[in-house]
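The lines below spell out each chain.
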There are 2 protein chains.
Amino acid sequence: MTETATARRSRLTPEREAELYAAVLDLLREVGYDALTMDAVAARTRSSKATLYRQWGGKAELVAKAMRHNKPGPDISSVDTGSLHGDMHALVRSQDDCAIEQNSALMRGLAMAIHGNPDLLKAFRELIIEPEMVEIRRVLQRAVDRGEVRPDNPAAAYVLHMFIGAFVARGLIEDQPPTQAFLASYIDAVVLPALAAPTD
Amino acid sequence: MTETATARRSRLTPEREAELYAAVLDLLREVGYDALTMDAVAARTRSSKATLYRQWGGKAELVAKAMRHNKPGPDISSVDTGSLHGDMHALVRSQDDCAIEQNSALMRGLAMAIHGNPDLLKAFRELIIEPEMVEIRRVLQRAVDRGEVRPDNPAAAYVLHMFIGAFVARGLIEDQPPTQAFLASYIDAVVLPALAAPTD
């Protein structure tokens, strides 16, 4: 972030910023990304469009920042239970079923839009995917250091793929939102066995 | 299918039916499900809306039937290589990269719509998900019979979840379409180790 951007950002209190992000996510769930306009965000939050553009640059960055900000539960980086099994289950328990379902609804609303909007894909990858990957790599590195995961296990590159599958497919296949119980079962059945597999 | 429905359906030649389905999928990729109208299908295929409704009942069933009909490659039920590893890799090889990418694009176009349209979700589940599940269960049962998969392995319930994750996450995380090579690597790293895991 440049000094100018920092100075500009500081005009908003953290409370006001949180309020803005919450309004953006509400709108996103209501109308989807394509129909979400900066006008609607400005109206709902009683701010000027000029302020929104000055603070965030554009719709894609505003939406990705809002998603990143409202990521529920404790920071994944504070999780360190001493075992891969414990860490994975702690991650799932950090979101209650309501938060999980809200995140799923947001992801569905964005899935189509992301592929048609390079700006949104870029913001989404930088602000959501990349930080998740960094934390997953940290959890896995500890598991490798403890000897729980082989350093060359190819499943390590696919942890986020496995989780995204659980989130997306649950609604399509079982017509149910992903829940803590479902995700815990999926971790034990799929994620941990794949990561624990011996490699040649 | 009732006798009346059979009689009605028989008015279309298989070639004409295939042409109609191809046009529906083209429109779906171009405008998405919500913006796809029976008027547009009728115009593009030079048929009457009455014919479309008489044959398929509605947009949801027409779209799901078109997706089912255009499923590329040999029928999964004809695959029987003698090993789970062979069967899984044969399934991936049955679609070339172009077909995989086209299917991914269709799925993205439907992901949002499916959750907002109970008719589409129902048709999608009956015509796409259920037949896939039947075939996957058949492949898995043979693997159980051969002693490759424990009959109580919990990953068996999640094979489609794992694959959907590979399809969806590839674009989000790596900004690349899923390819045969990627899916083969994912099968070896995730699907087969999870299915081969010993159970307690």
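Refer to the preceding data block for the structure.
> Sorry if this is basic, but what is going on with helix H4 (residues 49–56) of chain B here?
Those residues of H4(B) that fall on the buried side of the exposure criterion are B:Leu52, B:Gln55 and B:Trp56. The arc that holds every buried residue of H4(B), seen down its axis, measures 75 degrees, which confines them to one face.

> How do you make sense of the interface of chain B and chain A when you look at a structure like this?
One frequently used descriptor of interface size is the decrease in accessible area upon assembly of the parts. Residue-level contacts link 35 residues of chain B with 36 residues of chain A. Each partner contributes to the roughly 3,200 Å² buried at the junction of chain B and chain A, and carbon and sulfur atoms together form 74% of this total. It is B:His161, B:Leu172 and B:Ile173 in chain B that bury the most area against chain A; as a group they hold 22% of the surface buried on that side. Summed over the shared surface of chain B and chain A, the number is 9 residue pairs in polar contact (both at pLDDT 80 or more). Every element with two or more residues in the side of chain B that touches chain A is listed here: helix H7 (97–116), helix H8 (118–145), helix H9 (159–174) and helix H10 (180–196) of chain B. At 12 residues, the largest contribution of residues to the side of chain B that touches chain A is made by H9(B).

> Explain the relation of the copies chain B and chain A to me, please; I cannot follow it from the model alone.
What relates the pair of chain copies is a rotation about an axis plus a shift along that axis. Turning chain B through 180 degrees and shifting it by 0.0 Å along the axis lays it on chain A, with an RMSD of 0.0 Å. Seen this way, the second copy is the image of the first under a two-fold rotation axis. Looking at the rotation axis and the C-alpha trace of chain B, the residue lying nearest is B:Gly165, at 1.6 Å. When you check the interface residues of chain B against chain A, 100% turn up at the interface there too, and the contact is symmetric in its surfaces.

> What am I meant to see in the nonpolar core here?
One broad rule of soluble globular proteins: the nonpolar side chains tend to lie buried together. A:Met162 and B:Met162 are the most contacted members of the largest nonpolar core, which has 124 residues in total. Excluding residues within four positions of it along the chain, B:Met162 makes contact with A:Tyr186, A:Val190, B:Ala155, B:Tyr186, B:Val190, B:Val191 and B:Ala194.

> For this particular structure, what's the right way to read the packing of helix H2 (residues 14–31) of chain A against helix H5 (residues 59–69) of chain A?
A pair of packed helices is characterised by two quantities: the angle between their axes and the separation of those axes. Residue and element names in this part refer to chain A. It is the contact of H2 with H5, at a shortest axis distance of 9 Å, that shows an interaxial angle of 105 degrees. On the basis of their axis angle, the class for H2 and H5 is roughly perpendicular. Mapping the contact onto sequence places Ala18, Tyr21, Val24, Leu25 and Leu28 in H2 and Leu62, Val63, Lys65, Ala66, Met67 and His69 in H5. Grouping the constituent residues of the contact of H2 with H5 by class yields 9 nonpolar, 1 polar and 1 charged.

Thresholds, definitions, all that
- Residues numbered from 1 in each chain as written.
- Chains lettered and ligands numbered in written order.
- Predicted model: local features only at pLDDT ≥ 70, side-chain atom pairs only at ≥ 80, totals over all residues.
- Heavy atoms only, no water.
- Buried < 20%, exposed > 50% of the residue type's maximum accessible area, 1.4 Å probe, protein only.
- Helix = DSSP H or I, 4+ residues; strand = E, 2+ residues; numbered from the N terminus.
- Arc of directions from axis to C-beta.
- Contact = heavy atoms within 4.5 Å.
- Buried area = accessible area lost by both parts, 1.4 Å probe.
- Polar contact = N/O pair within 3.5 Å; in protein donor to acceptor, adjacent residues only side chain to side chain.
- Least-squares fit on C-alpha atoms with pLDDT ≥ 70 in both.
- Core = buried A, V, L, I, M, F, W, Y, C linked by side-chain atoms within 4.5 Å.
- Axes fitted to C-alpha atoms, helices over the stretch in contact; angles between N-to-C directions.
- Parallel < 35°, antiparallel > 145°, perpendicular 65-115°, else oblique.
- Nonpolar A, V, L, I, M, F, W, Y, C, P; charged D, E, K, R; others polar.

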